[in-house]
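# What the coordinates show
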Amino acid sequence: MINHLRQLVTKSSFFFLGIALYINAYPAHLKVFHLSMSAAETGFDPVMTSDLNTAAIEEQIFESLLTYDYLARPVKLVPRLAAQMPQITNQGKTWLFTLKKGVIFAPDPVFKNHRREVNAADVAYTIKRFMDPKNRSPYKFLVDHKIVGLNALADAAKKTGHFDYDAPVAGLEIVGPYQIRIHLTGTDYNFGHAMAQPMFGIVAREVIEAYHGDSASHPVGTGPYMLGEWIRSASMTLVKNPNYRHELWHFTSQDPLDQPLIKEMTGKPIPQIDKIDIQIVEESQSAYLSFLKGELDVLGVPGQFAPKVLSGDQLKPQLKRQGILLQRLVDPSIAYYFINVQDPMLGGMSLSRIALRRAILMALNDDEMIRVIYKGQAFREAFPIPEGVAGHDATYQSLINYNPREANDLLDKMGFRKDKDGYRLEVDGSPLYVKYTTSLTSQDRDLEEIMKKSLDRIGIRFVSEKLKFPEIIRAERSCRVAMRLSAWIADYPDGDNFMQLWYGPHTHENNASCYQDSEWDKIYEKSEALPNSPERDQLYRQLARLLEINGVTKVSTSHIRNVLIQPWVLGYKAHPILPSTWSYLDINSQGDHH
């Protein structure tokens, strides 16, 4: 499968010694699921990752306490490592989780051939790691200032340089080997969503400590799969975890469209697929052609190929005749431009810097993006919280719309005059430019052309910076990306998951614009204390408006997800939140594919 891609990679792959014998023991005829990803993984220590592709893999290797039901719509929290849904008392401040018994970590040399069972101390350790300053976790926000005593431990670590994992935390009360009671600092009925994130997959302390400094290369969880062969930024395989417990496919739904897959899958042991083969294919054309050849089993259709696949919102007849299926849904996501407020060229909060940023954002034509880049598979979204997520405001009117004439007037008024070539200079006469960061794909080249054309409209020079995706993430967390079109998809269906992207203390984590504004932060902190309500919605509107007034961000679009599924794939249903659902699928091995 995907032979032409395998020719591109070296033979320097390695096997984890602890699982080599297991892999070699597979029968000759495996059920193998073939996938591609458009960007490289960023390592497999969940506390340090935040990108969707890596999360998709971690979802299969690690297990969080809770997860989302595969078929329920709207999405619904259900137990995963927990034996049942948590007991919530004290007005949402106290959460008692009871673990399933007999859950064993995947084999690893660290365990020295012992079957290592998950316990409540592992849960406490996993949560503590998010507050260890050395981990600089992008998902710290899910527990930051939320668990009694945990921030005090983090504060002490900042002073001493050492996070004391042995120190008791009042908010992480270990009731017994299978029970942990979590005491929150305030009412938070959304805390269950935090405990459903793949980044909160439970880890074993001895594994993290044994691989100190390289834990991202040694993922050991309790999920249905474990990492097999791995060539960094090129390919990887997931193989069945031999220690995975006996669980049966059991999902139900009242949706008539779900009934065939329910009939097909109910009662099958999880997982059915022996091996998941993942190739990093940055060029979407290669992935698309591989799917058409039957070399990939599922494909998220890149926007530029929508005209080849779709007639309106239906699959083209020739693809239907091949038995290929299409699933469509509106992603709970936004694409948004951010400008680094700490950038030497564009940053700062003076009137001229704010005017410069707003002019740049006004030069961006979202309709052109939808037409040229996304081929109609996106729609204008002005609010930072997308459709289908609590806090969304469909009536919100942006202050920053496409208007190059007004942008030019603003720059003229602020003294950014043009040179003999027609490009603007700084007020002091020094060069003025925008360094725009993208990845390396053909779509990114098209995006660059649009960006250059947009900046040309207002006489600002365009400078390209091309990086691999993991390099972009590292640069963002160091506040070294001046401007970029980024995207965020809901980890859970609540507006806080989006608004946290601009919270000052999240700089070097998820706040890629490195925006620090005490007024904004105070409003955000007030919103955190509120449930989903009209009062919180009003605060969200204030936050969105401040982002525009200060020229920090322009929310651009939300996207339609089109997924193609080969006819031999069984049990597939696109999920709006879960980053991957591979363990719930099966392959019909009776056909002549593969």
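Residues numbered from 1 in each chain as written. Predicted model: local features only at pLDDT ≥ 70, side-chain atom pairs only at ≥ 80, totals over all residues. Heavy atoms only, no water.

## Concerning unusual backbone geometry
Residue Arg-73 is joined to Pro-74 through a cis peptide bond whose omega torsion reads -5°. Relative to the elements of secondary structure, Pro-74 occurs in the loop between strand E2 (66-68) and strand E3 (77-79). At the junction of Ile-270 and Pro-271, the peptide bond is cis and its omega measures out at -5° in the coordinates. Looking at the secondary structure, you find Pro-271 in the loop between strand E11 (269-270) and strand E12 (275-280). In this structure, Lys-375 is a non-glycine residue whose phi angle is positive, near 50°. On the secondary structure map, Lys-375 appears in the loop between helix H13 (366-373) and strand E18 (378-380). (Helix = DSSP H or I, 4+ residues; strand = E, 2+ residues; numbered from the N terminus.)

## Focus on helix H4 (residues 120-129)
Counting buried positions along H4 yields nine of ten residues, so the element is predominantly enclosed. By the burial criterion, the buried members of H4 are Ala-120, Asp-122, Val-123, Ala-124, Tyr-125, Thr-126, Ile-127, Lys-128 and Arg-129. Lining the buried residues of H4 we find helix H5 (150-160), strand E6 (172-176), strand E7 (179-183) and helix H7 (205-210). Regarding H4, its N-cap is Asn-119, as a side-chain oxygen of that residue lies 2.9 Å from the backbone nitrogen of Ala-121 further along. (Buried < 20%, exposed > 50% of the residue type's maximum accessible area, 1.4 Å probe, protein only. Contact = heavy atoms within 4.5 Å. Polar contact = N/O pair within 3.5 Å; in protein donor to acceptor, adjacent residues only side chain to side chain.)

## Description of the sheet that holds strand E8 (residues 225-231)
Strand order in the open sheet formed by four strands is E1-E12-E9-E8, and the pairing between neighbours is mixed. Of all the strands in the sheet, just strand E1 (32-37) and E8 have a single pairing partner and so form its edges. Across this sheet, the average inter-strand angle for adjacent strands is 20°, counted without regard to direction. Relative to strand E9 (residues 235-240), E8 runs antiparallel, the two being bridged by five bridges. (Pairing = 2+ DSSP bridges. Axes fitted to C-alpha atoms, helices over the stretch in contact; angles between N-to-C directions.)

## What about the pairing of E7?
Side-chain alternation along E7 places Ile-180 and Ile-182 on a buried face and Gln-179, Arg-181 and His-183 on a face that remains uncovered. Here five bridges tie strand E5 (residues 94-98) to E7, and the two strands are oriented antiparallel to one another. In the sheet register, Thr-98 faces E7, and the bridge partner there is Gln-179. Examined bridge by bridge, E6 and E7 share four bridges and lie antiparallel to one another. When the sheet's bridge partners are listed, Ile-174 is paired in E7 with Ile-180. Between E6 and E7, which follow one another and run antiparallel, lie two residues.

## Observations concerning the environment of Gln-566
When you line up the elements, Gln-566 lands in the loop between strand E22 (553-565) and strand E23 (569-570). C-alpha of Gln-566 to C-alpha of Ile-587: the two residues are 21 residues apart in sequence and 9.8 Å apart in space. Setting aside chain neighbours within four positions, we find Gln-566 in contact with Phe-291, Gly-294, Leu-296, Asp-297 and Ile-324. In this structure the side chain of Gln-566 is engaged in a polar contact, spanning 2.7 Å, whose partner is the backbone oxygen of Phe-291.

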